Structure formats: C-alpha cells, structure tokens
Amino acid sequence: MWDVSAFFCTFVCENIQISFMAQNKFKGLGVALVTPFASDGSVDWAALYRLVEFQISSGADFLCVMGTTAETPTLSAEEKERIKKDLVERVAGRVPILLGCGGNNTAAVVNELQTADFTGIDGILSICPYYNKPSQEGLYQHFKAIAKASPVPVVLYNVPGRTGVNMTAETTLRLAREFDNIVAIKEASGNISQMDDIIKNKPKNFDVISGDDGITFPLITLGAVGVISVIGNALPREFSRMVRLGLKGEYRQALHIHHKFTELFKLLFVDGNPAGVKALLNEMGLIENNLRLPLVPAQLNTERRISEIVKELRIKL
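Definitions and cut-offs
Residues numbered from 1 in each chain as written. Predicted model: local features only at pLDDT ≥ 70, side-chain atom pairs only at ≥ 80, totals over all residues. Heavy atoms only, no water. Helix = DSSP H or I, 4+ residues; strand = E, 2+ residues; numbered from the N terminus. Rg over C-alpha atoms; globule rule 2.2 N^0.38 Å. Contact = heavy atoms within 4.5 Å. Areas by Shrake-Rupley, 256 points an atom, 1.4 Å probe, with all protein chains shown as cover. Lys, Arg positive; Asp, Glu negative; His and termini not counted. Charge placed at Lys NZ, Arg CZ, Asp CG, Glu CD. Buried < 20%, exposed > 50% of the residue type's maximum accessible area, 1.4 Å probe, protein only. Arc of directions from axis to C-beta. Expected span 1.5 Å × (residues − 1). 1 Å grid on protein atoms, 1.4 Å probe; cavity = no way out; pocket = protein on both sides within 12 Å on 5 of 7 lines; lining within 4 Å. Points joined across faces, edges and corners; volume = space filled by probe spheres on them. Nonpolar A, V, L, I, M, F, W, Y, C, P; charged D, E, K, R; others polar. Pairing = 2+ DSSP bridges. Right-handed = clockwise from strand over helix to strand, strands pointing away.

## Digging into the overall build of the protein
- Scanning the protein from N- to C-terminus turns up 13 helices and 8 strands.
- Against the compact-globule benchmark of 20 Å for 317 residues, the protein has a radius of gyration of 20 Å, which places it among compact chains.
- Seen through its principal axes, the protein has C-alpha atoms that stretch 75 × 45 × 40 Å.
- For the protein, the proportion of contacts with a sequence separation of at least 24, taken over those separated by at least 6, is 72%.
- Counting every atom, the protein has about 14400 Å² of accessible surface; 54% of that belongs to carbon and sulfur.
- Here the protein carries 33 positive and 34 negative side-chain charges, and the mean point of each set is 5 Å from the other.

And the structure:
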C-alpha cells in the first residue's frame, strides 16, 4: 500500500533541502584569504591558522578560500587538499566557507565537482574561463555544466581584467534565472552600469557581491549584499563596519569610512595582488612577506606608504 505519510515527509524534506541550497549564505564581509608562505617557500601553516582566527574574531562574515588572492595557481594539488581539509576543521562551521573551484577546461572542473569531497564547504566560487576567451554562449554552457554537477551552491566570478572576457549582464541573468543553485555573482568587471543592470533585473534568490574593495560602498547603495575583500585580510574589523553600515542603509557613516580607505585601495594593488596586502599583513606581524613566483613583494616605497596610511586609519576609525 502506498505510504502517503512517508511520501509527504520525503517531499517536504526534499523541498526544504532545495530551498536551503538555493539560499545565498555569502553576505556581508567575505575575506579572500591569502596563503602565507615561509622563507623557504613552503606554506606557513601556523600563520594560515592564525590568520583565520584573526578574521573570524574580527568580524568576517565568510571566508573565500583558494581564490585569486590565495595565489592558487602556484599551489600543488596536495597543498590545496590540505588547505581545504584543515580550514574546514579549524573554521568548524563558525562562518561559511566559499571555495575557489573553476578553470578554463569545463570537463576538468565538472570532474572535480563530481569526485572531490565538499564536506564542510558551503559553496564554490567559479571564475569565468580564462585565456581561451569563450563567447557568451560558451560561458553559459560552461556554467550550466558546473551548475548541474555542483553538490553545493555556485557563486559566479566575473573578472575580465584577469580572464580576458567579460560575462555580460544578459548571460549572468540567464544563468541566474535558469539554475536555482547559482546563488550569486562576484562582480569585478568595473562596469557599474552592468552591475546595476544585474541588480535591477535579477531573480529574488540571486545576489550581487562586490569583487573590488574600492567600489563596495557604491555597489551596496545599488543593492549588492557584500564584498569578497582583499583589504579584509588585514582590516576586517574596520572594513566590515563600513559594509554593515551600508547594508543597514546608514550611508553617511559608511561613506565616511569608505573615503578613509580610498588611497589604501589603490596602494594595495599598485604592485599586484596580493603583494600589497601581504606587505600590510607582514607589517602587522601576522605573516612573512613572501610570495611565489611569478609574483614578487611590493616595492619598498609602496610598503612605507601603506604602513603610514594604516597607522592614520587606526587613529581615525
């Protein structure tokens, strides 16, 4: 005999799960975590764990692990696996974890999504394919395959300055409308009109996250829900205050803090990312100032100016 109660329970549970999976957990201040290296070039595990505790205790709302700022292309498969495993254990559910998982070989990304262990991971950040410069239809098909394979929610990442291709608002909205598990986009195109178009026309279950510290405040005033931040590595308490004030609609106070950061936004990227923020973290005594080639440390004059500005900021904020 057909068990109506069992069917109802299964139906309800499955729908609750679907609803849960479709929600975006990545709001507020997300920190694009750096990978600290020791003087011999190895991963400095103690510094990494120390940095994570600093972020969480200082107001980070979620962590973005193994993204661009982590120098992920220079990490070995073994290092990536240990970073993922160790951070899941250390974070222990205190904040959501967004894991970088993307590339320009769709089949390889799909295979990783189907075979890797995503226990403790709350979502993936998947970058637009780089170097091979697909068309808009190619981008759509790439992310369609990822959405169908992913066991966790997907955050798209549009950063044409690094990939060589811009994903248009039309393509982003097409993906957002067709796949419930694509929950957000990290937008770093620098095109405010494009971002506003996405915010204005997006479905309810899809969000825009700033991918650029310098435009986080104006994007929040347009309807963005937060930022995946580089500066948050070093100043999570100060930057999260600006983000939260903006999200509460207290724009005057948020704008005041935004303007205090203006020069620092530029300095952190003048010698490439994460050279600037690693110099700042070294100044704070949190990590050694080491990067893996082809990236090199920031110039001395940049480091000095960063140090001066941060000392002024901590007095004023």
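Having seen it, we continue.
## A look at unusual backbone geometry
- The omega torsion across Asn273 and Pro274 is 10 degrees, close enough to zero to call that bond cis.
- Relative to the helices and strands, Pro274 resides in the loop between helix 11 (251–270) and helix 12 (275–283).
- For the peptide bond that leads from Leu293 to Pro294, omega is 15 degrees, which places it in the cis range.
- Here Pro294 is to be found in the loop between helix 12 and helix 13 (300–316).
- Its identity is not glycine, yet Glu71 carries a phi of approximately 55 degrees, on the positive side.
- Topologically, Glu71 is positioned in the loop between strand 2 (62–65) and helix 3 (77–91).

## Some words on helix 8 (residues 192–201)
- Those residues of helix 8 lying buried are Gln194, Met195, Ile198 and Ile199. Projected onto a plane normal to the axis of helix 8, the buried residues spread over an arc of 135 degrees and lie on a single side. What points out from helix 8, more than 90 degrees from its buried face, is the exposed set Ser193 and Lys200.
- Looking at the buried residues of helix 8, the elements they touch are strand 5 (154–158), helix 7 (169–178), strand 6 (182–187), strand 7 (207–210) and helix 9 (216–222).

## Comments concerning the side chain of Thr72
- Among the structural elements, Thr72 can be located in the loop between strand 2 and helix 3.
- For Thr72, a relative accessible area of 14% puts it in the buried group.
- Look past the residues within four positions of Thr72 in its chain and what remains in contact with it is Met66, Gly67 and Lys80.

## A look at helix 2 (residues 45–57)
- Helix length check: helix 2, at 13 residues, gives a terminal C-alpha distance of 18 Å against a target of 18 Å (1.5 Å per residue), a fit within 8%.
- When we look at burial in helix 2, the residues that qualify are Trp45, Ala47, Leu48, Tyr49, Leu51, Val52, Gln55 and Ile56.
- The inward-facing, buried residues of helix 2 contact strand 1 (28–32), strand 2, helix 3, helix 10 (236–247) and helix 12.
- Two residues or fewer past helix 2, Gly59 is found with a positive phi of approximately 110 degrees.

## Here we look at empty space enclosed by the protein
- Within this structure, the stated rule accounts for 2 cavities of 30 Å³ or more.
- Here the largest cavity is characterised by a volume of approximately 40 Å³.
- Forming the boundary of the largest cavity are Leu33, Val34, Thr35, Leu48, Val65, Met66, Ala70, Ile83 and Leu87.
- A class-by-class count of the residues in the lining of the largest cavity yields 8 nonpolar, 1 polar and no charged.
- Of the voids in this model, the second largest cavity is the one considered here, and its volume is about 30 Å³.
- Forming the boundary of the second largest cavity are Ala32, Cys64, Gly67, Thr68, Thr69, Leu125, Tyr157, Lys186 and Ile228.
- For the lining of the second largest cavity, the residue count by class is 5 nonpolar, 3 polar and 1 charged.

## Quick look at the environment of Arg90
- Secondary-structure assignment places Arg90 in helix 3.
- On a C-alpha basis, the gap between Arg90 and Glu53 in space is 8.5 Å, while along the polypeptide they are 37 residues apart.
- Those residues within four positions of Arg90 in sequence are excluded, and the remaining contacts are Tyr49 and Glu53.

## Quick word on the pairing of strand 4 (residues 123–127)
- With 5 of 5 residues buried, strand 4 lies mostly within the body of the structure.
- Here strand 4 shows a buried face lined by Gly123, Leu125 and Ile127 and a second buried face lined by Ile124 and Ser126.
- With 3 bridges connecting them, strand 3 (residues 97–100) and strand 4 associate as parallel partners. For Leu99, the partnering residue across the bridge sits in strand 4 and is Ile124.
- With respect to chirality, the unit in which strand 3 leads through helix 4 (residues 106–115) into the neighbouring parallel strand 4 is right-handed.

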